[in-house]
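Chain by chain, the residues run as shown.
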Amino acid sequence: MGWVYNVVNPDAATNAPTILGVGVFLTILSLSIVSLRFYVRSRIVRTVTIDDWIIIATWVLITAPLGVNRLVETRWGLGLQVAADVPPQNIPQSGLLQYIGAPFYIISILGFKISAIFTFLRTAVDLTYRRVIIGLAITCSIFHFCFFVAQLNLCNPVAKQWDPSITDGKCLPLVTFNSVMGSFVLLFNILIMLTPIPILLHSCFSIRKNIVIGFSFLLGIIVAIAQLMKILSIAAQSKTNDHSHALIWSIVETNLGMVVVSIVPLAPLFQSFLEKGSIHSLSLSSYDTRRSYDKLKSYLQKVRRENKTWNKLVMFLGYREMHPDMESGSRKGAPTSRLGSRTGSRMGHLVGSSTDELTFPMGILKTTEIIISREGSEVWDGKS
């Protein structure tokens, strides 16, 4: 194969095309989603917070260079399935590229985890829950820092990691080390994926927002599976001496991680599309998406009232029925609706929420003001 430097057998079996294909596709996908996230946050929501900057910096400074590193590494023999086909003169360069790429991978997976944690922290209002999130962030950062330092010092001397000519010194067992560290990475993936559960169970999201969140959870499960498959590939690496499969799963993990933490912030994009009315505005048809959405919503509300099983299900998922007292409370508290409106707006300002993004209502879902003029029977009904 002419792609690999110094290769003797041009027909040597290699996974390089698979590595390149998966890497290019997922890198473009993650770039597209992260760019779309920045557009939504800066143009629609008009608020770019620290979690957005973290994910953008992680992609630009870490994920993109890591992709280039993997591309160059295939030129030096990455993907060759038979160890005898790897040119001996390529081993130092290939090992050095692996040594350089490993820290980028660690920072990359830490980046999208911290971004997700800051997103949860931005929307959480309960003090105890915020402390739990902060504790998880600190623990996760400490672990990845230790992982980073240990990865750079697997061997003594350090150059023994990529230079086979160094015979003295010693190294940690590579397969065991990566398997143990991968298990802890998987654990943190699962913990972070479960972090927003308390928020979801005590919120009143619309069906649209729950679909977006459910899709994010599905992708989160795929990321966890990718990490698990990487651990299994590392365990099999000692028998085949081929770490290309583990590398492929690490590419899937890092790029899908970027996508997962950027899906929920894209919710205002769909809201903006619905508020614009219909696909007719895009000169595609006269089909009114907003009207169809309202019809679907009315139908589901009818089913909700008539079907007890459905009612229990939506209560578990965190829909409006979870707080029936709030709707009745808003009616009973109509005279003080002005105060409730002001308090709700202040609370929304404090937690950095917006009507264009996912919000987590604390109590009052909707307030109504009724003003009766003295001159006549004119009644004005406004919604704050």
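Since the model is a prediction, treat every value here as computed from it, not as a measurement.

So, how was this worked out
Residues numbered from 1 in each chain as written. Predicted model: local features only at pLDDT ≥ 70, side-chain atom pairs only at ≥ 80, totals over all residues. Heavy atoms only, no water. Salt bridge = Lys/Arg side-chain N within 4 Å of Asp/Glu carboxyl O. Helix = DSSP H or I, 4+ residues; strand = E, 2+ residues; numbered from the N terminus. Contact = heavy atoms within 4.5 Å. Expected span 1.5 Å × (residues − 1). Buried < 20%, exposed > 50% of the residue type's maximum accessible area, 1.4 Å probe, protein only. Polar contact = N/O pair within 3.5 Å; in protein donor to acceptor, adjacent residues only side chain to side chain. Axes fitted to C-alpha atoms, helices over the stretch in contact; angles between N-to-C directions. Parallel < 35°, antiparallel > 145°, perpendicular 65-115°, else oblique. Left-handed = near helix turned anticlockwise from the far one by under 90°. Nonpolar A, V, L, I, M, F, W, Y, C, P; charged D, E, K, R; others polar. Disulfide = S-S within 2.5 Å.

## Considerations on the pattern of salt bridges
All told, the structure shown has five salt bridges when counted by the stated rule. In this structure, Arg37 engages Asp52 in a salt bridge whose closest nitrogen and oxygen atoms are separated by 2.8 Å. Of the two residues, Arg37 is situated in helix H1 (residues 16-44) and Asp52 in helix H2 (residues 50-75); the sequence distance between them amounts to 15 residues.

## What about the environment of Val260?
Locating Val260 in the fold gives a position in helix H8 (residues 244-263). For the pair formed by Val260 and Ile222, sequence separation is 38 residues and the distance between their alpha carbons is 9.6 Å. Excluding residues that lie within four positions of it along the chain, Val260 makes contacts with Ser216, Leu219, Gly220 and Val223.

## A few points about helix H4 (residues 127-152)
With 26 residues, H4 ought to run about 38 Å at 1.5 Å a step, and its terminal C-alpha atoms sit 38 Å apart, in line with that. Residues Tyr129, Ile133, Leu136, Ala137, Cys140, Phe143, His144, Phe147 and Gln151 constitute the buried set of H4. In this structure, the buried side of H4 is in contact with helix H3 (91-123), helix H5 (174-194) and helix H6 (197-201). For H4, the side-chain oxygen to backbone nitrogen distance between the N-cap and Thr128 is 3.2 Å, and the N-cap itself is Asp126.

## Side note on the packing of H2 against H8
Their axes nearest at 12 Å, the elements H2 and H8 cross at an angle of 160 degrees. Looking at the two axes, H2 sits roughly antiparallel to H8. Judged by the sense of rotation from one axis to the other, the crossing of H2 with H8 is left-handed. Here Ile55, Thr58, Trp59, Thr63 and Arg70 of H2 lie close against H8, whose contacting residues are Leu247, Asn255, Met258, Val261 and Ser262. A class-by-class count of the residues in the contact of H2 with H8 yields five nonpolar, four polar and one charged.

## Brief notes about the state of the cysteines
Overall, the coordinates contain one disulfide when judged by the stated rule. A disulfide bridge connects Cys155 with Cys171, and the sulfur atoms are separated by 1.9 Å. Here Cys155 and Cys171 share a disulfide; its torsion about the S-S bond, 115 degrees, makes the bridge right-handed. Placement of Cys155 in strand S1 (residues 155-156) and of Cys171 in strand S2 (residues 170-171) is noted, with a sequence separation of 16 residues between them. Overall, the relative accessible area of 35% leaves Cys171 in the partly exposed class.

## What about unusual backbone geometry?
A cis amide bond, omega 5 degrees, links Asn156 with the succeeding residue Pro157. Along the chain, Pro157 falls in the loop between S1 and S2. Of note, Arg46 is a non-glycine position whose phi angle comes to about 60 degrees, a positive value. Looking at the element boundaries, Arg46 is found in the loop between H1 and H2.

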